[in-house]
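# Coordinate analysis (summary)
Below, each chain spelled out in residue letters.
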Amino acid sequence: MALNSRVPEGPIKDKWTTYKDKINLVNPANKRHIDIIVVGTGLAGGSAAATLAELGYNVKAFAYQDSPRRAHSIAAQGGINAAKNYQGDGDSTYRLFYDTVKGGDYRSREANVYRLAEVSANIIDQCVAQGVPFARDYGGLLDNRSFGGVLVSRTFYAKGQTGQQLLLGAYSAMNRQIARGKIEMFNRHEMLDVVKIDGKARGIIARNLVTGEIERHSAHAVVIASGGYGNVYYLSTNAMGSNATAAWKIHKKGAYFANPCFTQIHPTCIPRSGDYQSKLTLMSESLRNDGRIWVPKNIEDAKAVQQRKLKPTDIAEENRDYFLERRYPAFGNLVPRDVASRAAKERCDAGYGVNATGEAVFLDFASAIERYGKEQAKIHNIENASAEKIYDLGKKIVEAKYGNLFQMYEKIVDEDPYKTPMMIYPATHYTMGGIWVDYNLMTTVDGLYCIGEANFSDHGANRLGASALMQGLADGYFVLPYTIGDYLSHEIRTGKIPTDTKEFDEAEKEVKDRIDFFINNKGKHSVDHFHKKLGKIMWDKCGMSRNEKGLKEAMAEIKALREEFWKEVNVPGSANEMNPELEKAGRVADFLELGELFAKDALERNESCGGHFREESVELDGEQKGEAKRNDKDYAYVAAWEYKGEPADAVLHKEQLEFKDIELKQRSYK
Amino acid sequence: MNLTLKIWRQKDSNTKGQMVDYKVTDISEHMSFLEMMDVLNEQLINKGEEPVAFDHDCREGICGMCSMYINGEAHGPDRGVTTCQLHMRMFKDGDTITIEPFRAKAFPVIKDLVVDRSAFERIQQAGGYISVNTSGNTQDANSIPISKHAADEAMDAATCIGCGACVATCKNSSAMLFVGAKVSQYALLPQGQIEAADRVRNMVAQMDLEGFGNCTNTGACEIECPKGISLDNIARMNRELMKASLS
Ligand SMILES: Cc1cc2nc3c(=O)[nH]c(=O)nc-3n(C[C@H](O)[C@H](O)[C@H](O)COP(=O)(O)OP(=O)(O)OC[C@H]3O[C@@H](n4cnc5c(N)ncnc54)[C@H](O)[C@@H]3O)c2cc1C
Ligand code: SF4
Ligand code: FES
């Protein structure tokens, strides 16, 4: 099947308006007879479910947690972008569009990104109307911060809990519709397959996670909003239950999977402390505004720090290597996430890491405390302030800005980051890759939509900070409700979709067979055993830097691990009860397939772009020597993979990317 | 360190439960409490026994899934943290730790340490929202200035994670702190005024219907709340309820 992105004709700034003017609408009386399934209640699914219900459709929403409010969007800290230009600093729809395309290293679809920038301002209006308590300034107007190396202040925030507050907003909108009976909410339910009838998505098979019952649900369209697949690495900043199952299942039923190798490794996370580690915690990117990143200059000092024989505060200024400031004088500690992560890895690989595992670098606030302290002393007319006084004054400012993060760090690491530098290390954080969708957010299966982090998204090969929340809410509140209506206008005469058909029988049987297999297998190893092994292969060979040899090995090793998993996995308990190990088994089985496709995609893309760094594709000389080298001539496309059985047999379809409104440039942060 | 764990085991909501003893060895002080539980479960699985079911997801104190009653305290001995943020350095070698689910009549046990908190959902559905549709035509976000103070206070109330520790810790199983937090968030903002009277009435009525107990001002909830939700929110809710009954 040839890929058709269905981007409307016309100048980029008119596309969305013209599109909305021309689409078919469903009249209110007919909406009452149309059912929509939404899998996922994060920012994307929650906002979509609420809006579709407000419009009058019957919505069935699904989440594996015990409440929509607990979807992983709740964990987002930093903020949400919108081109409001409240600060009058020259922001505009075009600038947000431009920053997003450039930040994504020119691997996203222009028309979609422009639309995202266009609706971004509406998101803030909508959220404020819902009662989201965004931060305000003393004049009572909304406050902004700047984020991730852009030149304007366009990030709206609610302390360090922006995702929580936005999700609670969407959740409240859902609650209103649940109370009206327009949303039927299925908490503690996991979608385990999609059902297709005559080529169209018509329902899902779900497991009730409390009773173990397998249920059939039908609808006129199905929306997948199940989040990202970062947990393919085992350790990530995602929630323990975050998974790829819904996305992978629809992939197996015909939805192409795009750019699986585009993942974001975030530079500022708390390092691993031992083999028992179950997840990694993000420290917000905003810390890099004031923290300076360094490792010891001398290898002897590094060794001594690793063995805890030397304290970081005892290392003199001239013996420290502020490696980001050294390598990237223009952007310093504020280089984009991918660049900062690789630089930290480079130092640690060379032996300069600063904790027992050798995988950590310092993030130091001492200079910031001193700088703010001196500033405060001036403001308050304190002459000849003592070092202690300056420290106290400075600490207050740092506390006001990052207090909750410092406290979180101290709770986990048991060290006071005001006194000794924090230790950080990169961790898997976000997946730009995902299910391929056209301009309508529809997958390659009719009537099957994918929104939020689960789709291949508007972020190209690298996502800018504070843009995922924006995309999730844009998709759910403002884009999908229009585009799905156009499709559903052809469904007004369809009538209720019955579930007692052979398509539902078959899908249900497949699901039940797999569950029975797990319960009866009684192998030698727990699910986690396999998940950890997969994570190690992914991290070592498909992590921050990748090469042909490693990727080929990864494909072979993942395949072998998958075969072992299907022989040796041990799932205790039974199918007809709450069984968390059984849930995990299904998810890891899917990761074991996705991981191989990931490696295959990374192997195929022999260029370095965004979060995807191929050692074979670097600048050989000049000022950029050793830096990532993108190859627009051969790789300016979206790689959309069609399922053909074994992941290694997947077939590549290319969506060529055209840049009409932005000139392609090499990113430079020197 | 080596520890003895006394854990509540219950097959499902219809079966009676009991405390069962387990031993775990070589627990590092750097582990989180739930990582210690992972070690126990791995051990049980390898022995062919059923692992302990417990709720958890984000493991960073924000989703509100985790819910253990540890040594007689909701979310355990540390302050200002959820169960998933509790670390083993709070315990010492040789300790015996009792681990139970969050108990309340309105929170029936589903399995082992997992409870059903859907009563909280129904309270929110009764009025925990502002009735505004998504149209793309709402007024500009800066058209209603809100004082920084009110916005910050609303934010403090809004940080409730819906974990239920306040209920589990209260001798009356009262949900006043949880409901007070939501009512306060909207009461403090101009957007919330129009439906204020109905909101507080409906949410409180639903709370009573769900079988949560009365508040006798013991203040235990505030102490155990991982997000520091203050008792002021209960007072504010009572005022709102008064206002509503006068209107
Ligand atoms: C720690 C952290 C901090 C972040 N900070 C920021 C930030 O400051 N700014 C920003 O823009 N972005 C941030 N991000 C990224 C952003 O939070 C996510 O990309 C975004 O919230 C994803 O939203 P979503 O709705 O697509 O998915 P999610 O919120 O992950 O929701 C997934 C939903 O799908 C459901 N689900 C999954 N599988 C199934 C299944 N099989 N059956 C039924 N239901 C299922 C889940 O129950 C859940 O409801 C952060 C991410 C993390 C991890
Ligand atoms: S008020 Fe506190 S203890 Fe109660 S549900 Fe909210 S966060 Fe949990
Ligand atoms: S697991 Fe999310 S708050 Fe503890």
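Sequence order sets the numbering: in each chain, residues are counted from 1 along the sequence as written. Throughout, the order in which chains and ligands are written sets their labels, letters from A for the former and numbers from 1 for the latter. For a predicted model such as this one, the threshold for reporting local features is a pLDDT of at least 70, and the threshold for listing and counting side-chain atom pairs is 80 or more; totals across whole chains, interfaces and linings nevertheless cover every residue. Based on all heavy atoms of the structure, the side-chain values leave hydrogens and waters out of the count.

### Considerations on the pairing of strand 14 (residues 361–364) of chain A
All names here are of chain A. Here strand 14 shows two buried faces, one formed by V361 and L363 and the other by F362 and D364. Note on pairing: DSSP must find at least two bridges between two strands before they are called paired. Elements are defined by DSSP. Helices are runs of H or I of four residues or more, strands are runs of E of two residues or more, and each kind is numbered from the N terminus. Sheet analysis places strand 14 next to strand 15 (residues 422–431), joined by three bridges and oriented antiparallel. Bridge assignment links F362 to a residue of strand 15, and that residue is M423. Burial here depends on accessible area, computed with a 1.4 Å probe over protein chains only, as a share of the maximum for the residue type. Under 20% is buried, over 50% is exposed, and the range in between is partly exposed.

### Some remarks on the site of ligand 1
One heavy atom suffices: a residue is near a molecule or strand as soon as one of its heavy atoms comes within 4 Å of it. Neighbouring ligand 1 are 39 residues, the closest being Q65(A), S73(A), M191(A), E453(A) and L469(A). More than one chain reaches ligand 1: the nearby residues come from chains A and B. Polar contacts, as counted here, are pairs of nitrogen or oxygen atoms within 3.5 Å of one another; within protein the pair requires one atom able to donate a hydrogen and one able to accept it, and residues that are adjacent in sequence qualify only if both atoms are side-chain atoms. One of the backbone nitrogen or oxygen atoms of G78(A) is found 2.8 Å away from an oxygen atom of ligand 1. Interatomic distance of 2.6 Å between a side-chain N/O atom of E453(A) and an oxygen atom of ligand 1. Using a 1.4 Å probe, the Shrake-Rupley method yields the accessible areas, and only the shown protein chains count as cover for residues. Considering ligand 1 on its own, with 1000 Å² of exposed area, one finds that the protein chains cover 97% of that surface. Contributions of two or more residues to the shell around ligand 1 are made by helix 3 (43–55), strand 6 (189–197), strand 15 and helix 13 (468–488) of chain A. With three residues, the top contributor of residues to the shell around ligand 1 is strand 6 of chain A. Under this grouping Gly is polar, as are all residues other than the nonpolar Ala, Val, Leu, Ile, Met, Phe, Trp, Tyr, Cys and Pro and the charged Asp, Glu, Lys and Arg. Grouping the amino acids of the shell around ligand 1 by side-chain chemistry returns 17 nonpolar, 18 polar and four charged.

### Observations concerning the domain arrangement of chain A
Residue and element names in this part refer to chain A. Taken as a whole, chain A is organised into domain 1 (268–426) and domain 2 (504–633). Where a domain begins and ends is set by an automatic assignment or by a domain database. Relative to domain 2, the C-alpha centre of domain 1 lies at a distance of 33 Å. Whether two residues touch is decided by their heavy atoms; if any such pair falls within 4.5 Å, the residues are in contact. Counting residues at the interface gives nine residues for domain 1 and nine residues for domain 2. For the domain 1 face of the interface with domain 2, the top three residues by lost area are D338, R342 and K345, together amounting to 56%. For this analysis, a salt bridge means a side-chain nitrogen from Lys or Arg found within 4 Å of a carboxyl oxygen belonging to Asp or Glu. Connecting domain 1 to domain 2 are one salt bridge. Among the ionic pairs, E627 bridges to R327, the shortest N-O distance being 3.4 Å. Where domain 1 touches domain 2, the interface holds two residue pairs in polar contact (both at pLDDT 80 or more). Mapped by element, the contributors of at least two residues to the side of domain 1 that touches domain 2 are helix 10 (337–349) and strand 15. Examining the composition of the side of domain 1 that touches domain 2, we find that four residues originate from one element, helix 10, more than from any other. Two parts placed together each lose some accessible area under a 1.4 Å probe, and the buried area is that loss summed for both.

### Looking at the side chain of S32(B)
Looking at the element boundaries, S32(B) is found in the loop between strand 2 (18–24) and helix 1 (33–46). Taking the relative accessible area as the measure of exposure, S32(B) reaches 7% and is therefore buried.

### Considering the interface of chain A and chain B
Often, the extent of an interface is quoted as the loss of accessible area on bringing the components together. Counting from both sides, the interface comprises 76 residues of chain A and, opposite them, 70 residues of chain B. For the pair chain A and chain B, the two sides together bury roughly 6000 Å², of which 51% comes from carbon and sulfur. The tally of links between chain A and chain B comes to nine salt bridges. Run the count over chain A and chain B and you get 43 residue pairs in polar contact (both at pLDDT 80 or more). Among the elements of the structure, helix 3, helix 5 (110–130), helix 6 (162–179), helix 12 (387–413), helix 13 and helix 17 (580–604) of chain A are those that each provide at least two residues to the side of chain A that touches chain B. Element by element, the count of residues in the side of chain A that touches chain B is highest for helix 6 of chain A, at nine residues.

### Thoughts on the nonpolar core
If you look at the biggest cluster of nonpolar residues, it comprises 243 residues, and the most contacted ones within it are I80(A), F134(A) and F212(B). Element by element, the count of residues in this core is highest for helix 13 of chain A, at twelve residues. Not counting the four nearest positions on each side in its chain, F134(A) is found in contact with I80(A), I124(A), C127(A), V128(A), L142(A), F156(A), Y157(A), A158(A), L166(A) and A151(B). Here, nonpolar core refers to any group of buried Ala, Val, Leu, Ile, Met, Phe, Trp, Tyr and Cys residues whose side-chain atoms link them within 4.5 Å. In this structure, M31(B), L40(B), V52(B) and I99(B) belong to the second largest nonpolar core, which totals 27 residues.

### Here we look at the sheet that holds strand 6 of chain A
All names here are of chain A. Spatially, three strands are ordered 6-7-8 in an open sheet, and the strand pairing comes out antiparallel. The open sheet has two edge strands with one neighbour each: strand 6 and strand 8 (214–218). Strand after strand, the sheet turns through a mean of 25 degrees between neighbouring axes, direction not considered. Judged from the five bridges that link them, strand 7 (residues 200–208) and strand 8 form a sheet pairing that is antiparallel. Bridge assignment links R207 to a residue of strand 8, and that residue is I214. All axes are obtained by fitting lines to C-alpha atoms, using only the stretch in contact for helices, and the reported angles, taken between N-to-C directions, cover 0 to 180 degrees.

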